[in-house]
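One-letter residues, chain by chain:
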Amino acid sequence: MKRSLPFVILLALLTAGCATPQNHYDPIESTNRVTDKINDGIDRISLKPAARGYNAIVPKPMRTAVSNFFDNTTYPNTVLNDFLQGKGGQGFSDLFRLLINSTLGVAGFVDVATPMGFERHEEDFGQTLATWGVGQGAYIVYPLLGPNSLRDTPDMITETATDPLFWAGFFLAPYVTIPVTVAKYIDKRSRLLEASNMRDELALDPYVFTREAWRQHREYLIYDGHPPVPPASKSDDGWSEVDFDSEDSPAPETSQPKTRISMAKTAEASTATTPATEPHVAEVPVASLANADGAAPPENGHSYIINLSSYQNEAEAAARQGQLARLGIESEIFTVKIGDITWYRLRNKNRVSAGEAAQELQRLKDLSGIQDAWLELDDKRK
């Protein structure tokens, strides 16, 4: 496995130029998906059942003690990277935490440092490289090891070099080190059971869900829990708003797909936005989808797309997609670039005719509970 790592890294570097703008951080997605499936298959027949059995048999206080012990053995890596990142005060605090838990805490089985005011931190060499200005690079799924990136890969070296259990392996017999290593990975997997169960239950595409959740967590760690919020774009999003009476109007010549259908042309409606939703998205009143006499508009050979919601990260969109799938609503994720922000738009897979648009839109709103869904003219360009 170690021999394959340089090959995977080289492959990622060589294929970096082939990535699409929407997915520039995952240029070897096809390879990653294969590795992810293999890892998942191995996990389902080995670590996951072992972790479930471990949680069922071992009492919670004992599991906590085991987790504390393994966290303490990896804590030298945090101390090292505290100082490499220039966090001197935090570095000394974490050093004292390590010493206190290693002594008074009986090799770390008891966390006595936290009640004493020495807060636990999580730092690694990947975060250090980020603070030094190194870009994330390609997303990589390693065999058995799981999600990673080019920038975070060197942390495998520092994590191993600062792990006392690794060095103890040179002096202790295998019948001691092997069970300890197995226990380490079972403990780690048991802590992820809830998260993996949520992914399996909610995500229609577990690979995308895991990738985006991993990336968000890394960003959270790099910025010490305060990642920057991208500014809301004040520029026009490239959409033109038309109503059914002018549905034959040509679509604007722009890279942004589709024409949004909306009867609300007021300034307030066109600029309405919330922090979690795509800007310039206004709810389409269902009543406006009919003619003045109440009859449905003529179809004129056009079909329409029902957009359900928009998100600023793919993990949230994937989670919502999984929830909709459980309701029997088939949806797909489509990326839209507005200014400097990429939005992950969730839309219904099925196209509908003009005569069915109002009724189907209302049905999906009632079924999903998403009341700000809106219609789009399908101009056959996707």
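Scope of this entry: the structure provided in the associated data block.

A word on the packing of aromatic side chains
Then step 1. Across all of its chains, the model carries 10 aromatic pairs by this definition.
Then step 2. Taking the centre distance of 5.2 Å and the plane angle of 65 degrees together, the rings of Phe 69 and Phe 70 count as edge-to-face.
Then step 3. Members of the aromatic cluster, each reached through a chain of ring pairs, are Phe 69, Phe 70 and Phe 109.
Then step 4. Sitting above the plane of the Tyr 25 ring, Arg 215 keeps its charged end 3.6 Å from the centroid.

Notes on the packing of helix α2 (residues 29–45) against helix α11 (residues 206–222)
Then step 1. Viewed as axis vectors pointing N to C, α2 and α11 meet at an angle of 105 degrees, and their least axial separation amounts to 11 Å. It follows that α2 is roughly perpendicular to α11 by the angle criterion. On α11, the residues touching Glu 29, Asn 32, Arg 33 and Asp 36 of α2 are Tyr 207, Val 208 and Arg 211.
Then step 2. Within the contact of α2 with α11, the residues separate by chemical class into 2 nonpolar, 1 polar and 4 charged.

Structural notes on the pattern of salt bridges
Then step 1. Under the counting rule described, the total for this entry stands at 25 salt bridges.
Then step 2. When the shortest N-O distance is used, the salt bridge between Asp 152 and Arg 218 registers 2.6 Å. One end of the pair, Asp 152, is in the loop between β2 (146–149) and α7 (155–161); the other, Arg 218, is in helix α11, and 66 residues separate them in sequence.
Then step 3. Taking relative accessible area as the criterion, Arg 218 reaches 9% and is therefore assigned buried.

Describing the nonpolar core
Then step 1. Tyr 304, Ile 306, Leu 308, Leu 324 and Leu 375 are the most contacted members of the largest nonpolar core, which has 19 residues in total.
Then step 2. Among all residues touching Leu 308, those that are not within four sequence positions of it are Leu 324, Ile 329, Ser 331, Leu 346, Arg 347, Asn 348, Leu 364, Ile 370, Asp 372 and Ala 373.

Some thoughts on the pairing of strand β1 (residues 139–142)
Every regular strand shows the same layout, with side chains that alternate between the two sheet faces.
Then step 1. Side chains Tyr 139 and Val 141 project from β1 onto one buried face, and the interleaved Ile 140 and Tyr 142 project onto a second face that is buried too.
Then step 2. Counting the residues between successive antiparallel strands, the hairpin from β1 to β2 contains 3 residues, one of them, Leu 144, with a positive phi of roughly 70 degrees.

Description of helix α4 (residues 60–84)
Then step 1. For α4, built from 25 residues, the straight-helix expectation of 36 Å at 1.5 Å per residue is met to within 8% by its first-to-last C-alpha distance of 36 Å.
Then step 2. At Thr 74, α4 shows its maximal bend, which comes to roughly 40 degrees, and the proline Pro 76 appears one to four places after that position.
Then step 3. Where α4 terminates, the next one or two residues include Gly 86, which has phi positive at roughly 80 degrees.

What about the environment of Ala 317?
Then step 1. If you trace the backbone, Ala 317 turns up in helix α13 (residues 314–326).
Then step 2. In this structure, Ala 317 is in contact with Tyr 311, Ile 333, Tyr 344 and Leu 346, ignoring residues within four places of it in sequence.

Basis of the calculations
Residues numbered from 1 in each chain as written. Predicted model: local features only at pLDDT ≥ 70, side-chain atom pairs only at ≥ 80, totals over all residues. Heavy atoms only, no water. Phe/Tyr/Trp six-rings, centres within 6.5 Å; stacked < 30°, edge-to-face > 60°. Lys NZ or Arg CZ within 6 Å of the ring centre and 35° of its normal. Axes fitted to C-alpha atoms, helices over the stretch in contact; angles between N-to-C directions. Helix = DSSP H or I, 4+ residues; strand = E, 2+ residues; numbered from the N terminus. Parallel < 35°, antiparallel > 145°, perpendicular 65-115°, else oblique. Contact = heavy atoms within 4.5 Å. Nonpolar A, V, L, I, M, F, W, Y, C, P; charged D, E, K, R; others polar. Salt bridge = Lys/Arg side-chain N within 4 Å of Asp/Glu carboxyl O. Buried < 20%, exposed > 50% of the residue type's maximum accessible area, 1.4 Å probe, protein only. Core = buried A, V, L, I, M, F, W, Y, C linked by side-chain atoms within 4.5 Å. Pairing = 2+ DSSP bridges. Expected span 1.5 Å × (residues − 1). Bend = angle between axes of the 7 residues up to and from the residue.

Limitation: the analysis is restricted to geometry and does not speak to function.
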